[in-house]
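For reference, the chains in residue letters:
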Amino acid sequence: MGRKILLEKINVENIHTYDVYRKEGGYEAVEKALKKMTPDEVVEEVKKSGLRGRGGAGFPAGMKWSFIAKPEGVPRYLLCNADESEPGTFKDRYLMEKNPHLLIEGMILSSYALGCNTSYIYIRGEFMWILRILEKAIAEAYTNGWLGKNIKGSGYNLDLYVTPGAGAYICGEETALIESLEGKRGNPRMKPPFPAIKGLWQCPSVVNNVETLASVVSIVNNGGDEYAKIGIGRSTGTKLISACGNISKPGVYEIELGLSVEEFLYSDEYCGGIKDGKRLKACVPGGSSVPILPHYLVTKTSAGEQRLMSYESLADGGFATGSMLGSGGFIVFDEDQCIVRNTWNFTRFYHHESCGQCSPCREGTGWMEKVLHRIENGHGHKHDIDLLWDVQRKIEGNTICPLGDAAAWPVAAAIRHFREEFEWHINEPVKCLEKNYGLVKEPVLAI
Amino acid sequence: MPKVTIDGHTIEVAEGTTILNAARQIGGDLVPPAMCYYSKLDVSGGKCRTCLVEVTKGSEKDPRPMPKLVASCSTPVMDGMEVGNKSSAKVMDARKGVVEFLLINHPLDCPICDQAGECDLQNLSYEHGASGSRYEEDKRTFEKIDIGPNIQLHMTRCILCYRCVNTVDQITDSRVHGVLNRGDHSEIGTYIHNSIENDFSGNVIDVCPVGALTDKTFRFKSRVWFLNPMNAHCKCDKCSGEAVVWMFGDEIYRVTGRKDQYGEVKDFICNTCRFDSKDLAKWTIEGPRHIERGSIIGQGHYELKPEDNIKEIG
Ligand SMILES: Cc1cc2nc3c(=O)[nH]c(=O)nc-3n(C[C@H](O)[C@H](O)[C@H](O)COP(=O)(O)O)c2cc1C
Ligand code: SF4
Ligand code: FES
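Residues numbered from 1 in each chain as written. Chains lettered and ligands numbered in written order. Predicted model: local features only at pLDDT ≥ 70, side-chain atom pairs only at ≥ 80, totals over all residues. Heavy atoms only, no water.

### Quick notes on the overall build of chain B
Selection criterion: Helical segments are the DSSP runs of H or I of at least four residues, strand segments are the runs of E of at least two, and each set is numbered from the N terminus. Each radius of gyration reported is based on C-alpha atoms, and the globular scaling rule is 2.2 Å times the count of residues to the power 0.38. Here the term buried applies to any residue with accessible area under 20% of the maximum for its type, exposed to any over 50%, and partly exposed to those in between, with areas from a 1.4 Å probe on protein chains only. Residue burial considers only the protein chains on display, and all accessible areas are found by Shrake-Rupley using a 1.4 Å probe. Counted charges follow a simple rule, with Lys and Arg positive, Asp and Glu negative, and His plus the chain ends left uncounted. Here the site of a charge means NZ on Lys, CZ on Arg, CG on Asp, or CD on Glu.
Looking only at helices and strands, chain B has six helices and 14 strands in total. For chain B, the C-alpha radius of gyration of 21 Å lies close to 20 Å, the compact-globule estimate for 314 residues. Here chain B holds 314 residues, and the buried ones make up 56% of them. Within the structure as shown, chain B displays about 15200 Å² of accessible surface, and the carbon and sulfur contribution to it stands at 51%. If the 38 positive side-chain charges of chain B are averaged to one point and the 45 negative ones to another, these points end up 2 Å apart.

### Considerations on the site of ligand 2
Rules: We call a residue near a given molecule or strand whenever any one of its heavy atoms falls within 4 Å of it. Residue type decides the class: Asp, Glu, Lys and Arg count as charged, Ala, Val, Leu, Ile, Met, Phe, Trp, Tyr, Cys and Pro as nonpolar, and the leftover types, Gly among them, as polar.
Around ligand 2, 13 residues are found, and the nearest of them are A:C355, A:Q357, A:C358, A:C361 and A:C401. Classifying every residue of the shell around ligand 2 gives eight nonpolar, five polar and no charged.

### Considerations on the packing of helix α3 (residues 39-49) of chain A against helix α6 (residues 100-114) of chain A
Residue and element names in this part refer to chain A. We count it as follows: Axis geometry follows a simple rule: fit a line to the C-alpha atoms, using only the stretch in contact for helices, then measure angles between N-to-C directions, giving values from 0 to 180 degrees. Handedness of each helix crossing follows the sense of rotation of the near helix against the far helix: counterclockwise by less than a right angle gives left-handed, clockwise gives right-handed. Contacts are assigned to residue pairs with any non-hydrogen atoms lying within 4.5 Å of each other.
Interaxial distance between α3 and α6 falls to 7 Å at its minimum, and their mutual angle equals 115°. Judged by the twist between their axes, the crossing of α3 over α6 is left-handed. Only L109, Y112 and A113 of α6 make contact with α3, whose side of the interface consists of P39, V42 and V43. For the contact of α3 with α6, the per-class residue count stands at six nonpolar, no polar and no charged.

### With respect to the pattern of salt bridges
Heads up, the rule is: For this document, the term salt bridge refers to a Lys or Arg side-chain nitrogen within 4 Å of an Asp or Glu carboxyl oxygen.
A complete count under the given rule lists 50 salt bridges over all chains for this structure. Residues A:E179 and A:R189 are paired through a salt bridge, measuring 2.8 Å at the closest nitrogen-oxygen approach. Of this pair, A:E179 sits in helix α8 (residues 174-181) while A:R189 sits in the loop between α8 and β4 (205-209), and the two are ten residues apart along the sequence. Take A:E179 and A:R189: they sit in the same class, and that class is buried. For A:R374, the salt bridge is made with B:E136, and the minimal N-O distance between the two is 3.4 Å. With A:R374 in helix α15 (residues 359-376) and B:E136 in the loop between α3 (120-128) and β6 (145-147), this pair bridges two chains. Residue B:E136 is classed as partly exposed on the basis of its relative accessible area of 41%.

Encoded structure:
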């Protein structure tokens, strides 16, 4: 049994209410920090813990915090990124829905560490019911003196607000999130300046994922060193993984980083193996944006070593034979799944979600979707695969924000590892339609 | 003052100057093309990605190259920075890609477009584009929309550079003109079909790098290369009154701002000068406007310099 930190209390009845949360040791970290620690000491503990951002990029949280500018007389803001919209990722919603006070406690600690007196939770608009859960929990925290003026007599003030987005994946990108919070169209900003210098209302700001902030509670309670003992190498602590696809037990799991992919995928404690006794075909280990891995690279790296659930091991081999831990959206495909169809589906998502500011992403995502749709539906040409490759190559790295990369990588990886399947779609359109849909009996002429 | 080297040419520029502006100070064909940046606007650039360049050396202090190509219009130079534009194969390749992206949904209706001949996208495609298209699908199309009585928006041609949006943001106090929807369904709009109540709204036509925003008092009147652009000024209490009048014989067909070699106007002119001053008597003609050699507008255009010393005959 791996250690549980974030989900430790998740099944305690009524843990979402203040009374139960408090009885289970809640808000003790805030008590400890406000009474015994300076803000810098909290930052120091987080640095020691090696905690890395859980929103996707895996940037060390303590380091990010230490970059925040501290000009005299200018407010600073902590923004919690609860926009969770990546296909395959559904961990934050689970945490917030079940245990909202854990996030609130984490935010109080982090705001204290950063010297913020106003903080925001930017939540995905579709999560309206979670917004209500959070608002209720925040009201309880105010009533009990954990938020507001002069928290528990420490002289520290903090106001916490929840703001819903309006249904755009791009508003999870940190600068688009800031624009959206300011009431503007959610277009990512040009960087630099980074949010740590000029963020919300041009003031220094830090954007962190829900899970990152919730992890701070245990770091303050038990010390950064204790947290750093969990995990492997630079991947410290525990991580929430949302597992889905063709597995026996889809769901949200907390793992100690460094768990082997094999154990995660096949043990009954976690995914419970491939559903209905089928064989593994491929796996997207970190949410739709990361490269897909073919079955022979899922549990082993190209060097034949065991693949672990950690930032480093999943990325082993670079993009040629590796992938990324990303946001922990673990999507599993069995032998009957069509990679072309899946790639088309992902690309359709990015096409729909591109903000449309920069030309490579705006036009390229739509183009890739159309070409993939054509291949999937039996109208592909031989040159389409090379065309797709060229289009994704010209998007990647040439855009304002990483959404362009996120759209390009899955296409590149699918072609890299499953080129034969693309070719089969093009050479045998009828057979492929029959297999995937059972629709076509008469031969259709590929245009 | 930081020193920057672009395609082997070194120049010293003021602190905070962008790579693009440093290149413009050097001049010549090492200047990256810019489809969205507009130096006369407070906010612009970063969007079209045509100005991408390769930074092969970050600075004297930190000589590491930048991992990705950067938008030269919004990246400030550092002392000792070395930049590749035309000399970088990576840049040329990426730029070719950007032009292709800009064109896949562009109607390429130059033969019936008023902007033809003075279109930045046309010039860009001529230099960096391919002769054929790899895009086989239907292009996205929109209905034409009137933004007030004098401006027409033909969204199908738009490349979403945001220049007009930034212009209107700058001249008006509230947000009246912006972008609706997202991705490749984005469209410029004045929610919904409003006119822009501002004396300088006509400048959106001048800043538009393509033929998406056109002057309704001029639409379909003439090809620009049949007209003679003349520098002219008038007494105007709203703007400087310094403009270009585009003439056919004795008639003024249209009035625009004075655009420089990068397609940027010197001053914003007012709507009265632009739309309602087609009477020659109102203007003092200064002389023919300088047209770049090689521009199609130069055909049939005579520029006399004083030293030519040509006397009137007859
Ligand atoms: C297109 C796009 C969407 C993103 N969506 C999310 C999201 O839904 N939730 C999230 O926490 N981070 C998201 N991110 C990452 C954030 O930009 C940012 O890196 C993260 O919130 C930082 O928090 P962390 O350091 O705690 O991981 C997204 C990034 C991009 C480019
Ligand atoms: S990469 Fe896509 S989503 Fe990001 S700024 Fe550019 S157009 Fe918008
Ligand atoms: S001019 Fe620099 S990105 Fe458009």
